[in-house]
Amino acid sequence: MPEQRERRFVADGQEFKEWVRAGLGWLQHHQEAINALNVFPVPDGDTGTNMVLTMQSAWNEVHKSPEREVGTIAHKVAHGALMGARGNSGVILSQIWRGMARSLDGKEVMTGEDLAAALEEGAQTAYKGVIRPVEGTILTVAREVAEAAAEAVRHSEDLIFILEQIVRRAQDAVARTPSLLPVLAEAGVVDAGGQGLYVILEGMLRYLRGESVAEDLGFIRAVDLATTAPAPAEEEGYGYDVQFIIVGNGLDVEAIRRDIDAMGESALVVGDPSAVKVHVHVPDPGVPLSYAVKLGSLRDVVVEDMQAQYQQFVMGREQPPVLRAPMAATEIATVAVAAGEGLARVFQSLGAAAVVHGGQTMNPSTEEILQAVESVPSNRVIILPNNKNIIMAAEQARDLSEKSVVVVPTRTIPQGIAAILALNYQADLETNAQTMLEAAQEVQTGEVTTATRDVTLGGLSVHKGQVIGIHDGELCVAGETPEQVVEALIERMNPSDLEIITLYYGADVSAEEAETLVERLEEKYPDLEFEVIEGGQPHYFYIISAE
């Protein structure tokens, strides 16, 4: 007789948690392959990384939870994904989890019908979270996965059978993304976000079948509280970054938020009466920890010496922390995202209250942007994401904050600088948002980097290692040197209509090289005014602003 295959008809919270672990582990195994699925041959193929970090944050919320109710675990997963969401793919993934959690709310276990309903709610929530949904993306895969689950459950309630049908449909949906989105077909790739979702689901199926997934959960951090010591009182420094979760009954979130805020800076307190997540910068980590243990038990405690981190940064081993400028509490505060010390200084000099480090290849999470929003003294905040892949995370941070926050959807550094220059502190938030958006749309952006692979796009063939130029999001120039590509980009910008061009040179360009290039440009375009500023951005030789 043929061997009977194992069948599973329900999953409780602990089982669902293992699904999440398996999905994350399999995603980590495929992270770099997903990163390589980039339409443009530029060094910003970070979809795999963004989705891994989003799933890691989701796993961090549940990995120690003993809760057996699947609805409770699903809500924890959704909250972790929301706070850790990075990039458009991560944000959409967090919305899928959010919808699933809503559907599973209050359920002790998940049946096949529950899974199908949760996937349907997840897909609908993800579509609603995107202003202009585009087919041929992770959204398409999520929708087709939900359709497959609804069809499968009519034949069997076996969760393994349902997941098999789901994974098969996800694979097919990913394979068809180029036929729905022509730019994918032209670039010869499938949609990276859709592939990531497929891999997560496949990891879950592999777990249910008893197959291995390559996982690396070494990101889980903890500290021994007995060995945590404050910095000497006589030594001024950056203090400690303290994070933990208070688990208890009847926790007063508002009271905890007020008390933690009074202890230090960059306070972020979110949660509900049963669990409160705390983040704060303090000179003595014992103060918030001693306060918290009186309210309940502590979980996921992390204490980091920011002074040591700063010393590592100045030695070139770490990225800079969030930068903040002093301001009056009544002013409109601007939070900008930028990669590179020079660009951060530019935004600070123009009045940005906080600068979040991030950009191409390193999109900040929703939580990091939210922390910056909450850290500024003003209750009126404008966020400038300055990258198309950070806009959705910024919008989620806006929705999570209790402050009045607007997102001006700047897609490039020059757009962000033009926007902040247009800020009028006497005008209201909405008027400023509109004015700043209009100013951002007036500037042209050029970006010069190196091709990461061979591709033909828009009739332009480029080869891996060539220097390429992007004009307002369109790959349009390929050459052998950064200087050659800069000149070609300026020609495409109709220089006769321009007045001023600013070149922000990156980490791989010296000041002398940038000055020499500008001298050559001044000779070629005597009627134009040129400025050269150290940007310090990684990966991009030059970012060009033309007005």
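I will try to describe carefully the structure that is included in this document.

Parameters at a glance
Residues numbered from 1 in each chain as written. Predicted model: local features only at pLDDT ≥ 70, side-chain atom pairs only at ≥ 80, totals over all residues. Heavy atoms only, no water. Helix = DSSP H or I, 4+ residues; strand = E, 2+ residues; numbered from the N terminus. Contact = heavy atoms within 4.5 Å. Phe/Tyr/Trp six-rings, centres within 6.5 Å; stacked < 30°, edge-to-face > 60°. Buried < 20%, exposed > 50% of the residue type's maximum accessible area, 1.4 Å probe, protein only. Patch = residues over 30% accessible without salt bridge, like charges linked within 9 Å, V, L, I, M, F, W, Y side chains within 5 Å. Areas by Shrake-Rupley, 256 points an atom, 1.4 Å probe, with all protein chains shown as cover. Salt bridge = Lys/Arg side-chain N within 4 Å of Asp/Glu carboxyl O. Lys, Arg positive; Asp, Glu negative; His and termini not counted. Charge placed at Lys NZ, Arg CZ, Asp CG, Glu CD. Core = buried A, V, L, I, M, F, W, Y, C linked by side-chain atoms within 4.5 Å. Domains from an automatic or database assignment. Pairing = 2+ DSSP bridges. Right-handed = clockwise from strand over helix to strand, strands pointing away. Axes fitted to C-alpha atoms, helices over the stretch in contact; angles between N-to-C directions. Expected span 1.5 Å × (residues − 1). Left-handed = near helix turned anticlockwise from the far one by under 90°. Nonpolar A, V, L, I, M, F, W, Y, C, P; charged D, E, K, R; others polar.

Describing the side chain of S401
Next up, step 1: By secondary structure assignment, the location of S401 is in the loop between α17 (391–400) and β9 (404–407).
Next up, step 2: Setting aside residues no more than four positions away along its own chain, S401 makes contact with L370, V373 and E374.

Describing the packing of aromatic side chains
Next up, step 1: Counted by the stated rule, this structure contains 3 aromatic pairs.
Next up, step 2: Relative to W97, the ring of F16 lies with its centre 6.0 Å away and its plane at 85 degrees, an arrangement referred to as edge-to-face. Placement of F16 in helix α1 (residues 13–29) and of W97 in helix α5 (residues 87–104) is noted, with a sequence separation of 81 residues between them.
Next up, step 3: By relative accessible area, which is 5% here, W97 ends up buried.
Next up, step 4: Judged by centre distance (6.5 Å) and plane angle (40 degrees), the rings of Y525 and F530 are tilted.

Quick look at a negative patch on the surface
Next up, step 1: Residues E512, E513, E515, E519, E522 and E523 make up a contiguous surface patch of negative charge.
Next up, step 2: The exposure class of E519 is partly exposed, given its relative accessible area of 47%.

What about the nonpolar core?
Next up, step 1: Counting 88 residues, the largest nonpolar core has F16, W19, W97, L115 and I166 as its most contacted members.
Next up, step 2: When residues of this core are sorted by domain, at least three fall in each of domain 1 (10–217) and domain 3 (323–439).
Next up, step 3: When sequence neighbours within four positions are dropped, the list of residues in contact with W97 reads F16, V20, M55, V77, A78, A81 and M204.

Considering the pairing of strand β16 (residues 529–534)
Next up, step 1: Direction of pairing for strand β15 (residues 500–505) relative to β16: parallel, over a ladder of 6 bridges. Within β16, the residue paired with I500 across the bridge is E529.
Next up, step 2: With respect to chirality, the unit in which β15 leads through helix α21 (residues 511–524) into the neighbouring parallel β16 is right-handed.

Quick notes on a nonpolar patch on the surface
Next up, step 1: Side chains of F9, V10 and V109 sit close together on the surface and give an oily, nonpolar patch of about 230 Å² of accessible area.
Next up, step 2: Tracing the backbone shows V109 in the loop between α5 and α6 (112–128).

Remarks on the sheet that holds strand β13 (residues 467–471)
Next up, step 1: The strand order across the open sheet formed by 6 strands is β14-β13-β10-β17-β15-β16, and the pairing between neighbours is mixed. Edge positions in the sheet fall to β14 (474–479) and β16, since each of these pairs with one other strand and no more. Strand-to-strand twist in this sheet, taken as the mean axis angle between neighbours without regard to direction, amounts to 20 degrees.
Next up, step 2: Across the sheet, helix α20 (residues 482–492) is in contact with β10 (444–450), β13, β14, β15, β16 and β17 (542–546); its angle to β14 comes to roughly 135 degrees.

Some words on helix α7 (residues 138–153)
Next up, step 1: For α7, which comprises 16 residues, the first-to-last C-alpha distance of 23 Å matches the rise-based estimate of 22 Å (1.5 Å per residue) to within 8%.
Next up, step 2: In terms of burial, α7 is largely enclosed, as 12 of its 16 residues are buried.
Next up, step 3: Check the buried side of α7 and you find it contacts α3 (47–62), α5, α6, α8 (159–175), α9 (177–180) and α11 (192–208).

Observations concerning the side chain of E483
Next up, step 1: As for its placement among the helices and strands, E483 is situated in helix α20.
Next up, step 2: Buried within the structure, E483 lacks any salt-bridge partner; its nearest side chain of opposite charge belongs to R520, at an N-O separation of 5.7 Å.
Next up, step 3: Setting aside residues no more than four positions away along its own chain, E483 makes contact with L517, R520 and Y542.

Comments concerning unusual backbone geometry
Next up, step 1: The residue D472 is not glycine, and still its phi comes out positive at about 50 degrees.
Next up, step 2: Checked against the element boundaries, D472 lands in the loop between β13 and β14.
Next up, step 3: Note on D472: relative accessible area 43%, which makes it partly exposed.
Next up, step 4: Of note, N494 is a non-glycine position whose phi angle comes to about 55 degrees, a positive value.
Next up, step 5: Locating N494 in the fold gives a position in the loop between α20 and β15.
Next up, step 6: Relative accessible area serves as the criterion here: at 46%, N494 is assigned to the partly exposed category.

Observations regarding the pattern of salt bridges
Next up, step 1: Across all of its chains, the model carries 19 salt bridges by this definition.
Next up, step 2: In this structure, R169 engages E147 in a salt bridge whose closest nitrogen and oxygen atoms are separated by 3.5 Å. Of this pair, R169 sits in helix α8 while E147 sits in helix α7, and the two are 22 residues apart along the sequence.
Next up, step 3: Residues R398 and D399 are paired through a salt bridge, measuring 3.0 Å at the closest nitrogen-oxygen approach.
Next up, step 4: Several salt bridges converge on common partners, so that one network encompasses E135, R143, E144, E147, R169 and R176.

Points about the packing of α7 against α8
Angle between the axes and distance between the axes are the two parameters that describe a pair of packed helices.
Next up, step 1: It is the contact of α7 with α8, at a shortest axis distance of 8 Å, that shows an interaxial angle of 145 degrees. α8 is crossed by α7, and the crossing has right-handed handedness. Across the interface between the two elements, V141, E144, V145, E147, A148, A149, A152 and V153 from α7 touch F161, I162, Q165, I166, R169, A170, A173 and V174 from α8.
Next up, step 2: For the contact of α7 with α8, the class distribution of residues is 12 nonpolar, 1 polar and 3 charged.

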